[in-house]
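# Summary of the model geometry
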Amino acid sequence: MTAAPEAATGLSATSAGPSATEPVVPPAPVSPAPVPRTEPTAEGRFAGTVVLVTGAGRGLGRTIAEAFAVEGATVVVAARTARYGERTVREFRERGLSASLVLGDLAERADVAKMFDEAVTRHGALDVVVHSAADNAQGLLAEIDDDALDYLLRSNVHALHWITRAAVPHLRRSKLPGRMIFISSGAANRVFSPGLNAYGSTKAYLESFARGLAGELGPLGVRVNVVGPGLTVTERMLGHLTHAQADSLASTYPLGRAGLPEEIAAAVLFLASREASYITGASLLVDGGASMVPFPARGAMNDSTSH
Ligand SMILES: NC(=O)c1ccc[n+]([C@@H]2O[C@H](COP(=O)([O-])OP(=O)(O)OC[C@H]3O[C@@H](n4cnc5c(N)ncnc54)[C@H](OP(=O)(O)O)[C@@H]3O)[C@@H](O)[C@H]2O)c1
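Residues numbered from 1 in each chain as written. Predicted model: local features only at pLDDT ≥ 70, side-chain atom pairs only at ≥ 80, totals over all residues.

Looking up the protein in an unreviewed UniProt entry gives the name Ketoreductase domain-containing protein, with the organism given as Frankia torreyi. The annotation that UniProt attaches to the protein under Sequence similarities (unreviewed entry) is "Belongs to the short-chain dehydrogenases/reductases (SDR) family." (UniProt positions renumbered as here; feature names shortened; annotations may be inferred.)

The helix and strand tally for the protein stands at eight helices and seven strands. Within the protein, the fraction of its 307 residues that count as buried is 46%. (Helix = DSSP H or I, 4+ residues; strand = E, 2+ residues; numbered from the N terminus. Buried ≥ 20, exposed ≤ 12 C-beta atoms within 10 Å, placed from the backbone.)

Around the ligand sit 28 residues, and of these Gly 55, Gly 59, Thr 81, Ala 133 and Ala 134 come closest. When residues of the shell around the ligand are traced back to their parent elements, those giving at least two are helix H1 (59-70) and helix H6 (235-240). In the shell around the ligand, the residues fall into 11 nonpolar, 10 polar and seven charged. (Near = placed C-beta within 6 Å. Nonpolar A, V, L, I, M, F, W, Y, C, P; charged D, E, K, R; others polar.)

As summarised here, the arrangement of the seven strands in space is S3-S2-S1-S4-S5-S6-S7, forming an open sheet in which the pairing is parallel. Taken across any chain shown, the strands that pair with only one partner, and hence form the sheet edges, are strand S3 (98-103) and strand S7 (283-286). Averaged over all pairs of adjacent strands, the angle between their axes in this sheet comes to 20°, without regard to strand direction. In this sheet, strand S5 (residues 179-183) lies alongside strand S4 (residues 128-131) in parallel orientation, the contact comprising four bridges. Among the inter-strand pairings, His 131 is bridged to a residue of S5, identified as Phe 182. Contacts from helix H2 (residues 82-94) reach strand S2 (74-79) and S3, with the element oriented near 170° to S3. Contacts between helix H5 (residues 197-217) and the sheet are confined to S5, strand S6 (223-229) and S7, with S6 contributing the most and set at about 160° to the helix. (Pairing = 2+ DSSP bridges. Axes fitted to C-alpha atoms, helices over the stretch in contact; angles between N-to-C directions. Contact = placed C-beta atoms within 7 Å.)

Right, let's talk about unusual backbone geometry for a bit. Residue Pro 177 follows Leu 176 across a cis peptide bond; omega there is 0°. By the element assignment, Pro 177 lies in the loop between helix H4 (146-171) and S5.

What follows concerns the confidence of the model for the protein. Within the protein, residue pLDDT values average 86, and 82% of them lie at 70 or more. Overall, residues 1-38 carries pLDDT values under 50, and its contacts beyond four positions in sequence, including any with other chains, amount to 90 contacts. Counting interchain partners and residues more than four positions distant, the pLDDT-below-50 stretch residues 303-307 has 14 contacts. (pLDDT = per-residue confidence, 0-100.)

Let's shift gears to the nonpolar core. Core analysis: the biggest nonpolar cluster contains 71 residues, and Val 51, Val 53, Phe 68, Val 75, Val 77 and Val 268 have the highest contact counts within it. Look past the residues within four positions of Val 51 in its chain and what remains in contact with it is Phe 46, Phe 68, Ala 73, Val 75, Val 76, Asp 127, Val 128 and Val 130. Membership of the second largest hydrophobic core comes to 12 residues, among which are Val 233, Leu 241, Ala 246 and Leu 260. (Core = buried A, V, L, I, M, F, W, Y, C linked by C-beta atoms within 7 Å.)

Further remarks concern the pairing of S6. Counting buried residues in S6 gives seven out of seven residues, a clear majority hidden from the surface. Residues Arg 223, Asn 225, Val 227 and Pro 229 line one face of S6 and the alternating positions Val 224, Val 226 and Gly 228 line the opposite face, and both faces are buried. In the sheet, S5 pairs with S6 via five bridges, with the strands oriented parallel. Looking at the pairing, Arg 179 lines up with Arg 223 of S6. What joins S5 to S6 is H5, and the crossover it makes is right-handed. In terms of strand pairing, S6 meets S7 through four bridges, oriented parallel. Paired with Val 227 across the strands is Leu 284, a residue of S7. (Right-handed = clockwise from strand over helix to strand, strands pointing away.)

In this structure, S2 lies alongside S3, joined through six bridges in parallel fashion. The partner of Thr 74 across the bridge, within S3, is Ser 98. Handedness of the crossover joining S2 and S3 through H2: right-handed.

A word on the packing of helix H3 (residues 109-123) against H4. Relative orientation of the contacting elements H3 and H4 amounts to 25°, with a least axis distance of 9 Å. The angle between H3 and H4 falls in the class roughly parallel. Here the hand of the crossing between H3 and H4 comes out right-handed. The segment H3 lies against H4, with Arg 109, Val 112, Ala 113, Phe 116 and Val 120 engaging Ala 159, Trp 162, Ile 163, Ala 166, Ala 167 and His 170. (Parallel < 35°, antiparallel > 145°, perpendicular 65-115°, else oblique. Left-handed = near helix turned anticlockwise from the far one by under 90°.)

And the structure:
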C-alpha cells in the first residue's frame, strides 16, 4: 500500500482566493529558507541552559536543536541512529555550538532513562526538553500489523510517560524553571491523512497528555506546550513527496507554501522562552493555515494517496 504523506491535507482544489484589497501573491516554492543565525551568542535567549531534543539526529529535531544552540544553549542531541546523531554533534561543534550526544531507542523504557541520566550526569542540569521524535508507521487502521502497531505505540505513546518520568525531577529543579515542548501534528485531530491515522491517533494522545501534564506541573512552575507542524520540508516529507508534489499540495494552503523547519523551530523557541511565561497547556499550530483547507472528496485524490 502506498500511503499518503502526513501532511497531504491540501489536495482540495479549494483555494483561499485573494481579497479585494490584497495583492495576489503567487505561491512560493518549498525551498526558500529564512536565513538562520549560525553563530552562538553569549547573550542568546538560552545562554547557560541545557536543552535536550529527541529525534535531533536529523529532520525537524536537528533544526530545533540547532536553533537552541545558536541562542547559547548547550544542546543534548538525543538520537536513535548513531551516525545521524554523531554527524549532527560534529557539525554543531565545528561551528562553535555546544552539543553532546545521547543514544537510544525511545521505544525502550531503559534507553529513555539512560539517555536522561547521561545528559544530567554530563551537564549537571536539565532546563528544557523538546520531544520531536516520532515513529510514523503507515497502514490502514483495520490492517496495520501488530509489530508495527506495537512499535508505534511504544515510540509515540509509552515514550511520553517514560520521558516525563525521567525529565520532571530535573526540570522542577531548573533555574528557569523547566519547560517541555511536545511536537504534535495537524494529523492529531484536525486533518484526515490517509494511511497515517494510527500515527495521527498517537499525536491526539500526545496533545491530551501534554495538556494534562501542564495542569500537573503548573504548580511546580514547569510549563508544558505543544507545537503542531503542518507540511514541513524535511527528509521524511521529501521521502513521501517530490518537491513538485509538495508545492502542488501547499499551493492550496492560505499561505501557499510548505513550512520550513526553521519556522517550526521559531515557534518552539518562543514557547520555551521568557516571552511565553504565561503560556502553558497550549497547542500552537504552525501549518500555514493548512488545517483550514478541506480534504478533497473521495476519488479526487492523486496517485500518492491511493490505497
Ligand atoms: N515533516 C512534516 O511534514 C511533519 C508534519 C507534522 C508533524 N511532524 C512531526 O515532526 C517531528 C519530526 O518529524 P520529521 O519530519 O523531522 O521526521 P524525521 O526526519 O523522520 O525525524 C523523526 C526523528 O524521530 C526519530 N525517531 C523515530 N522513532 C524513534 C524512536 N523509537 N526512538 C528514537 N528516535 C526515534 C528518528 O530517528 P532516526 O534518525 O533513527 O530515524 C528521527 O530522528 C515528528 O514528531 C513528526 O511527527 C512532521
